Amino acid sequence: MDLINSFNAPIYEFETIDSTNKYAKIFCTTNPKNGTIIISNEQTNGHGRLGNSWNSSKGKGLYYSIILKKEFKNLKYESLTLFISLGITKLLEDYSINSKIKWPNDILINDKKVCGILCELTSNNNGEFIILGIGINLYHEKNDFPSEIENKATSLKLNTPQPIIRNYFINSLTNYLFKYYNYFISYDFENFLHEYKKKSYLLNKEIKINLNNENINGIVYDFNSEGHLLLKTHDKKIISINSGEVSLRNTYKNNDHK
Ligand code: BTN
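Reading the values: rules and limits
Residues numbered from 1 in each chain as written. Predicted model: local features only at pLDDT ≥ 70, side-chain atom pairs only at ≥ 80, totals over all residues. Heavy atoms only, no water. Helix = DSSP H or I, 4+ residues; strand = E, 2+ residues; numbered from the N terminus. Rg over C-alpha atoms; globule rule 2.2 N^0.38 Å. Buried < 20%, exposed > 50% of the residue type's maximum accessible area, 1.4 Å probe, protein only. Contact = heavy atoms within 4.5 Å. Pairing = 2+ DSSP bridges. Right-handed = clockwise from strand over helix to strand, strands pointing away. Axes fitted to C-alpha atoms, helices over the stretch in contact; angles between N-to-C directions. Near = heavy atom within 4 Å. Polar contact = N/O pair within 3.5 Å; in protein donor to acceptor, adjacent residues only side chain to side chain. Areas by Shrake-Rupley, 256 points an atom, 1.4 Å probe, with all protein chains shown as cover. Nonpolar A, V, L, I, M, F, W, Y, C, P; charged D, E, K, R; others polar. Phe/Tyr/Trp six-rings, centres within 6.5 Å; stacked < 30°, edge-to-face > 60°.

(A) Inspection of the overall build of the protein chain at higher detail. Helix and strand counts for the protein chain stand at 4 helices and 12 strands. A globule of 258 residues ought to have a C-alpha radius of gyration of about 18 Å, and the protein chain, at 18 Å, matches this closely. Structurally, the protein chain occupies a C-alpha span of about 55 × 45 × 35 Å along its principal axes. The buried share of the protein chain, reckoned over its 258 residues, is 50%. Sequence-distant contacts in the protein chain: of pairs separated by 6 or more residues, those separated by 24 or more amount to 65%.

Below you can see the structure in the form of structure tokens.
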């Protein structure tokens, strides 16, 4: 099956590359079309948020970057990854998989990470570009993961009886990205908040969040219309957080705190 780009932009495929995001960033100097896609079957230096590496073994996962032009001055691009992560959970539903979004941009299945999104910005004479790097574990068996993530990572194959045909999957992913990118352009995040909350992994859970090198504990109380996480601290203050590294504490089982 051929790869098709619903954004009507080129697709560049590699067998191996250091990082599709890094390549995309350099490629932005050529003023690529909105929606240009870079895919590799392996990365030798795949990376994630906060300087983490992204396990990118050959043929096991999808390593995908899409270049989006930051062309609408009035849009709040901070919410783009929230739309995109919602789109990815919808894609996984087509494989009968119920996944959850661990704000801001991890996708989990049964508490284990299956997909990570790395959103990077770059600018040059041609304007500003957003690079959305998406890593999805497709075909891993349990022992394909390095021991340090073995208990934290999962793959689609481990969670669905449906066959995952690589190019078909990539085309579906692109279609969902196109659909949710257009939602992002056309609607406020508020319109998707209800759906987002249904897919939230963190809602009502007790978390620790690292903010400017300080750890804050609390319960995820809600998300606001801009997609910020609202944390209720133990002294009952509500803090609005727009980025950060979250880790779970104990699962909070009811809504009594509301
Ligand atoms: C994270 O979980 O922190 C984000 C992981 C993002 C990984 C993808 S794989 C394709 C693209 N190229 C990279 O080097 N990183 C992203």
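(B) Just the pairing of strand S2 (residues 36-40), in detail. Extensive coverage of S2 is indicated by the burial of 5 of its 5 residues. Alternating positions in S2 separate into two faces, Thr36, Ile38 and Ser40 on one and Ile37 and Ile39 on the other, with burial throughout. Looking at chain direction, strand S1 (residues 11-14) and S2 are connected through 4 bridges and run parallel. What sits directly across from Tyr12, in S2, is Ile38. Since S1 and S2 lie parallel, the crossover through helix H1 (residues 20-27) that links them has a hand, and here it is right-handed.

(C) Representation of the sheet that holds strand S7 (residues 127-137) in the model. Judged by pairing direction, the sheet is mixed, and its 7 strands sit side by side in the order S1-S2-S3-S7-S6-S5-S4 without closing on themselves. At either end of the open sheet lies a strand with only one pairing partner, and these are S1 and strand S4 (100-102). Across the sheet, the mean angle separating the axes of adjacent strands is 20° when strand polarity is ignored. In terms of strand pairing, strand S5 (residues 106-109) meets strand S6 (residues 112-124) through 4 bridges, oriented antiparallel. Among the inter-strand pairings, Leu108 is bridged to a residue of S6, identified as Lys113. Sheet strands in contact with H1 are S1, S2, strand S3 (61-69), S6 and S7, and its direction is about 25° off that of S3. On top of the sheet, helix H2 (residues 80-93) reaches S3, S4, S5, S6 and S7; it is set at about 145° to S6, its chief contact.

(D) View of the site of the ligand. Taken together, 20 residues form the shell around the ligand, and within it Ser19, Gln43, His47, Arg49 and Lys113 come nearest. Between the ligand and Gln43 there is a distance of 2.9 Å, counted from a nitrogen atom to a side-chain nitrogen or oxygen. Within the backbone of His47, an N or O atom sits 2.7 Å from a nitrogen atom of the ligand. Against a free-state accessible area of 410 Å², the protein chains account for coverage of 98% of the ligand. At the level of secondary structure, the elements contributing two or more residues to the shell around the ligand comprise H1, S3, S6 and S7. The leading source of residues in the shell around the ligand is S6, at 4 residues. When the residues that make up the shell around the ligand are grouped by side-chain class, the tally is 6 nonpolar, 11 polar and 3 charged.

(E) Highlighting the packing of aromatic side chains. For the structure on display, the rule yields 18 aromatic pairs. Their ring planes at 65° and their centres at 5.0 Å tell us that Tyr12 and Phe27 sit as a pair that is edge-to-face. A residue pair is termed long-range when its members are at least 10 positions apart, and Tyr12 in strand S1 and Phe27 in helix H1 qualify at 15 residues. For Tyr12, a relative accessible area of 31% puts it in the partly exposed group.

(F) Summary view of the environment of Ser57. Within the fold, Ser57 resides in the loop between S2 and S3. Put simply, Ser57 and Gln43 are 14 residues apart on the chain and 6.9 Å apart in space, counted from C-alpha to C-alpha. In this structure, Ser57 is in contact with Asn41, Tyr63 and His140, ignoring residues within four places of it in sequence.

Interpretation in functional terms is not warranted from these geometric data alone.
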